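Residue-level structural notes
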There are 2 protein chains.
Amino acid sequence: MLYSGFMSASEPPFPKPQEPQEPLGGPQLLEVGSAPDEPCLRADAARNRARLLDAAARLIAEHGAAGVTMEAVAAEAGVGKGTVFRRFGDRTGLLTALLDHSARNLQADFLGGPPPLGPGAPPVERLRAFGVAVLYRAVDRLDLELAAQPEPTRRYSHPSVQALRTHVTVLLRQIDPDADCDLLAQTLLAYLDPALINHLTRQCGMPMERLEKGWLDLVDRVTRTVG
Amino acid sequence: MLYSGFMSASEPPFPKPQEPQEPLGGPQLLEVGSAPDEPCLRADAARNRARLLDAAARLIAEHGAAGVTMEAVAAEAGVGKGTVFRRFGDRTGLLTALLDHSARNLQADFLGGPPPLGPGAPPVERLRAFGVAVLYRAVDRLDLELAAQPEPTRRYSHPSVQALRTHVTVLLRQIDPDADCDLLAQTLLAYLDPALINHLTRQCGMPMERLEKGWLDLVDRVTRTVG
DNA sequence: CATCTAAACGGACCTCGGTCCGGATCGTAA
DNA sequence: TTACGATCCGGACCGAGGTCCGTTTAGATG
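Residues numbered from 1 in each chain as written. Chains lettered and ligands numbered in written order. Predicted model: local features only at pLDDT ≥ 70, side-chain atom pairs only at ≥ 80, totals over all residues. Heavy atoms only, no water.

Some points on the UniProt feature "DNA-binding region" (unreviewed entry) in chain A
- When the UniProt feature table is mapped onto this chain, "DNA-binding region" (unreviewed entry) is found at residues 69-88 of chain A.
- Annotation note: span residues 69-88 of chain A, helix share 80%, strand share 0%, distance between end C-alpha atoms 13 Å. (UniProt positions renumbered as here; feature names shortened; annotations may be inferred. Helix = DSSP H or I, 4+ residues; strand = E, 2+ residues; numbered from the N terminus.)

What follows is the structure in structure tokens.
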């Protein structure tokens, strides 16, 4: 079961002259398990891309996400700075690419994995499991996720976010077809926003169990109207 | 009825050597209607502060929020760049200061204004009115609000946000004392986030009426458990 | 009014994200 | 193998945010 078209795919089209960028996630269906994304890259380009991702990961491991300077990444990868930007568009793009694997895995799990996350379980169950999964995925990528957070205008248009939203919307519609599921989905997803999770856990010191309970309770309240 | 201590007050303490900044909003009670915030500023400092805010507002009117460069503001105000930073800490601080008036007004309204926003109406009524008020306040300051959005880490620690959160939490506790009102408050506030409102209205083209209905519905669902 | 100190000022300076374009490379076709 | 065009590379360059520190000034004190 694949939705209309967005999986992850967070990179800009190859040349960026003229049209600043493909406005939203391109409509390319990807089978969920695929590791190599970029479809047709010239050999050297692909090689450099790999080097760059590798270098970025290394820098993060060493100096945290804050140490990931575009120039540093370029140097560490042994390429020029321009190359980084051509490949990933901007800093957010690079960081997002690093998160891509885990995003894809998550998608694979809730699109085609075993219940209760995947299809097979009743929608409410799936929704509950979904939140918990996102919650836990978020916490261990938290630093990166925060660093990758784009300017407010782009927050909601990113393909991977759209995928989550679509999934929640679909589930909600199965549960309560008469509600404004788009808006409810936004609300639910907002609860799972990395920035919020960061604030609650690190700044307020809440334990994960509480957030988890909070999610289940929220789902209850939001879906209780029906049935 | 004033809560423990945060109104708006978005400026850094005067000298910023040593301790990077007062970590969270300082605990200074302010009567709600006060226009001049900064308590004890040297004459020249106060004068320059006013000039800077004025200059910034002018620049926004002329070139939009994007045109508000720290250097441009400094030039327009006829002061040095360092002065801008000492006074407002950073760009976000400056932009936030511009939003301060409307933030204060809103606070005054829900803390001491007439019902249903202010005290006197039943909590659920107040909550409904609150959301609608925030919604509409957000839309006409949208550009500025987006531009002022700080990095994810600071989003939730800003005094004016804390004030909103506290208010919602208090209302929720009156409605359903057994719930995890802190978490529910976060969820409700997330629905009112400027970035989300921007996305829904401008990028998705939803009319305000729908957002408004969505808020009322959300409040219903979240509070329906009780009563 | 003279003096003194804390506070404020200003602009040179640094870093980093992002752009640009001449030159090097890949890959294909002859 | 040679030739050629599309693609990619690299690093100089630019603008903007943010820092630093020597200098100036408000305003309190005697």
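Don't stop here, the text continues.
As for the packing of aromatic side chains
Residue and element names in this part refer to chain A.
- All chains considered together, the criterion is met by 4 aromatic pairs over all chains.
- With a centroid separation of 5.4 Å and 70° between ring planes, the pair formed by phenylalanine 110 and phenylalanine 130 is classed as edge-to-face. Of this pair, phenylalanine 110 sits in helix H4 (residues 91-112) while phenylalanine 130 sits in helix H5 (residues 123-140), placing them 20 residues apart in sequence. For the pair formed by phenylalanine 110 and phenylalanine 130, the shared burial category is buried. (Phe/Tyr/Trp six-rings, centres within 6.5 Å; stacked < 30°, edge-to-face > 60°. Buried < 20%, exposed > 50% of the residue type's maximum accessible area, 1.4 Å probe, protein only.)

Focus on the protein's contact with DNA strand C
- Close to DNA strand C lie 24 residues; A:Ala43, A:Lys81, B:Asn48, B:Gly80 and B:Arg86 are nearest.
- When the atoms of DNA strand C within 4 Å of the protein are grouped by moiety, sugar and phosphate amount to 61% of the total.
- One nitrogen or oxygen atom from the side chain of A:Lys81 is found 2.4 Å from a base oxygen belonging to DNA strand C.
- A:Arg91 has a polar backbone atom sitting 3.0 Å from a phosphate oxygen of DNA strand C.
- Ranked by the residues each element gives to the surface near DNA strand C, the list is headed by helix H3 (residues 81-88) of chain B, at 5 residues.
- A per-class count over the surface near DNA strand C returns 8 nonpolar, 5 polar and 11 charged. (Near = heavy atom within 4 Å. Polar contact = N/O pair within 3.5 Å; in protein donor to acceptor, adjacent residues only side chain to side chain. Nonpolar A, V, L, I, M, F, W, Y, C, P; charged D, E, K, R; others polar.)

Quick notes on unusual backbone geometry
- Of note, the bond from A:Pro115 into A:Pro116 is cis; its omega dihedral lies within 30 degrees of zero at 5°.
- Inspection of the secondary structure assignment puts A:Pro116 in the loop between H4 and H5.

Here's the deal with the interface of chain A and chain B
- Counting residues at the interface gives 35 residues for chain A and 35 residues for chain B.
- In total, chain A and chain B occlude about 2900 Å² of area from one another, counting both sides; carbon and sulfur atoms represent 60% of this.
- At the boundary of chain A with chain B, the tally comes to 8 salt bridges.
- The salt bridge involving B:Asp182 is made with A:Arg210; its shortest N-O contact spans 3.4 Å. (Contact = heavy atoms within 4.5 Å. Buried area = accessible area lost by both parts, 1.4 Å probe. Salt bridge = Lys/Arg side-chain N within 4 Å of Asp/Glu carboxyl O.)

What to know about the relation of the copies chain A and chain B
- Overlaying chain A with chain B gives an RMSD of 0.1 Å, the required rotation being 180° about an axis along which the chain moves by 0.0 Å. On the angle and the small slide along the axis, the relation comes out as a two-fold axis.
- By residue overlap, the copies meet face to face through one surface: 100% of the interface positions of chain A are interface positions in chain B. (Least-squares fit on C-alpha atoms with pLDDT ≥ 70 in both.)

Here's the deal with the environment of A:Lys213
- Within the secondary structure layout, A:Lys213 lies in helix H10 (residues 208-223).
- We classify A:Lys213 as exposed; its relative accessible area is 64%.

What to know about the protein's contact with DNA strand D
- Lining the immediate surroundings of DNA strand D are 24 residues, of which A:Arg42, A:Asn48, A:Gly80, A:Arg86 and B:Lys81 lie closest.
- For DNA strand D, the fraction of atoms within 4 Å of the protein that belong to sugar or phosphate moieties is 61%.
- Here a phosphate oxygen of DNA strand D and a backbone polar atom of A:Asp44 are 3.5 Å apart.
- A:Gly82 is positioned with one of its backbone polar atoms (N or O) 3.2 Å from a base oxygen of DNA strand D.

Considerations on the environment of B:Asp109
All names here are of chain B.
- Topologically, aspartate 109 is positioned in helix H4 (residues 91-112).
- Judged by relative accessible area, which is 36%, aspartate 109 ranks as partly exposed.
- In this structure, the C-alpha to C-alpha distance between aspartate 109 and alanine 133, residues 24 residues apart in sequence, is 9.4 Å.
- Sequence-distant contacts of aspartate 109, defined by excluding residues within four places in its chain, comprise Leu117 and Gly118.

As for the pattern of salt bridges
- Applying the stated criterion across every chain, the model contains 36 salt bridges over all chains.
- For B:Asp180, the salt bridge goes to A:Arg210, with nearest N and O atoms at 2.7 Å. Separated into two different chains, B:Asp180 in the loop between helix H7 (159-175) and helix H8 (181-191) and A:Arg210 in helix H10 make up a pair that spans both.
- The class for A:Arg210 is partly exposed, based on a relative accessible area of 29%.
- Several salt bridges converge on common partners, so that one network encompasses A:Arg173, A:Asp180, A:Asp182 and B:Arg210.

Remarks on the nonpolar core
- Judged by nonpolar contacts, the single largest core of 78 residues is most densely connected at A:Leu127, A:Phe130, A:Leu211, B:Leu127, B:Phe130 and B:Leu211.
- Ignoring anything within four residues of it in the chain, the contact list for A:Leu127 reads A:Val168, A:Leu171, A:Leu172, A:Ile175, A:Leu188, A:Trp215, A:Val219 and A:Thr223. (Core = buried A, V, L, I, M, F, W, Y, C linked by side-chain atoms within 4.5 Å.)

Notes on the packing of H4(A) against helix H7 (residues 159-175) of chain A
Residues and elements named next belong to chain A.
- Remark: H4 packs on H7, axes separated minimally by 11 Å, with the N-to-C direction vectors making an angle of 20°. Classified by the angle between their axes, H4 and H7 sit roughly parallel to one another. Crossing of H4 against H7: the hand is left-handed. For the pair H4 and H7, contact is made by Ala103, Leu106, Gln107 and Phe110 and by Ser160, Ala163, Leu164 and His167, respectively.
- Of the residues assigned to the contact of H4 with H7, the class counts are 5 nonpolar, 3 polar and no charged. (Axes fitted to C-alpha atoms, helices over the stretch in contact; angles between N-to-C directions. Parallel < 35°, antiparallel > 145°, perpendicular 65-115°, else oblique. Left-handed = near helix turned anticlockwise from the far one by under 90°.)

Looking at helix H8 (residues 181-191) of chain A
- Counting buried residues in H8(A) gives 10 out of 11 residues, a clear majority hidden from the surface.
- Among all positions in H8(A), only A:Cys181, A:Leu183, A:Leu184, A:Ala185, A:Gln186, A:Thr187, A:Leu188, A:Leu189, A:Ala190 and A:Tyr191 are buried.

A closer look at the environment of A:Arg224
All names here are of chain A.
- Along the polypeptide, arginine 224 turns up in the segment after H10.
- Arginine 224 gets classed as partly exposed once you look at its relative accessible area, which sits at 42%.
- Spatially, the C-alpha atom of arginine 224 lies 9.7 Å from that of isoleucine 175, the residues being 49 residues apart in sequence.

Some points on the packing of H7(A) against H8(A)
Residue and element names in this part refer to chain A.
- Two numbers describe how H7 lies on H8: the axes approach to 9 Å, and their chain directions differ by 125°. Viewed along their axes, H7 and H8 adopt a mutual orientation that is oblique. Note on packing geometry: the crossing formed by H7 with H8 is right-handed. On H8, the residues that touch Leu164, Arg165, Val168, Thr169, Leu172 and Arg173 of H7 are Cys181, Asp182, Leu184, Ala185, Gln186, Leu188 and Leu189.

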